[in-house]
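Examination of the molecular architecture
One letter stands for each residue in the lines below.
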Amino acid sequence: MQDHPPYLVPHPVYGHLEYVLPISAKAVIDYRGRIPLLRNERDEWELPGGKVEAGEDLETTAVREVREELGVEISDLRLAHAWIYPITDVRHVLVVAYATVCTSDRAPRLTHEHRELGLFAPDEIAELKMPSPYRTAIAHALRLPAVD
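Residues numbered from 1 in each chain as written. Predicted model: local features only at pLDDT ≥ 70, side-chain atom pairs only at ≥ 80, totals over all residues. Heavy atoms only, no water.

Our focus in this paragraph is the pattern of salt bridges. Pairing is possible between side chains of opposite charge, provided their charged atoms come close. According to the stated counting rule, one finds 11 salt bridges in the structure shown. Across the pair D43 and R39 runs a salt bridge whose closest N-O atoms are separated by 3.1 Å. Note that E73 is salt-bridged to R67, the shortest N-O span being 2.7 Å. Judged by its relative accessible area of 24%, E73 is partly exposed. (Salt bridge = Lys/Arg side-chain N within 4 Å of Asp/Glu carboxyl O. Buried < 20%, exposed > 50% of the residue type's maximum accessible area, 1.4 Å probe, protein only.)

Written as structure tokens, this is what we have:
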């Protein structure tokens, strides 16, 4: 029996414990002055995005996941925030969030992956049920200078 959580593994040479985490790329999207958020199975609002696939970089993951989850294209990705999120006591994930803009003419749409899609003005975010790191990512994204 191991005496440490499964997301920590011994370094192969030095023996100290290191994180081994899945990585998720998320997007804080400016869609006509509103931020698309998705309601998940825990009844919380979250940013669109998802797990990095083998061989994929973070930005490519964010673009792909937004296309899959919302049916829109994004561009001008800028790092907004990163954190380790404890999903459960034994499962953590590294989340990297990007500020970005929607470049599609069509509106974001809801897919089978989530319960609800909301388009929120920045001043509506504080009242939503969501993990605090998402609020931090949104706040950081809103403070970044606009891309020319």
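Let us look at helix α2 (residues 132-143). The end-to-end C-alpha distance of α2 is 17 Å, a good match for the 16 Å that 12 residues give at a rise of 1.5 Å each. Residues of α2 that are buried include every one of P133, Y134, A137, I138 and A141, and no others. Axial view of α2: buried residues confined to an arc of 140°, hence all on one face. Of the surrounding elements, those touching the buried residues of α2 are β3 (23-30), β4 (35-39), β5 (45-46), β7 (74-88) and β8 (91-102). (Helix = DSSP H or I, 4+ residues; strand = E, 2+ residues; numbered from the N terminus. Expected span 1.5 Å × (residues − 1). Arc of directions from axis to C-beta. Contact = heavy atoms within 4.5 Å.)

Geometry only, nothing functional implied.
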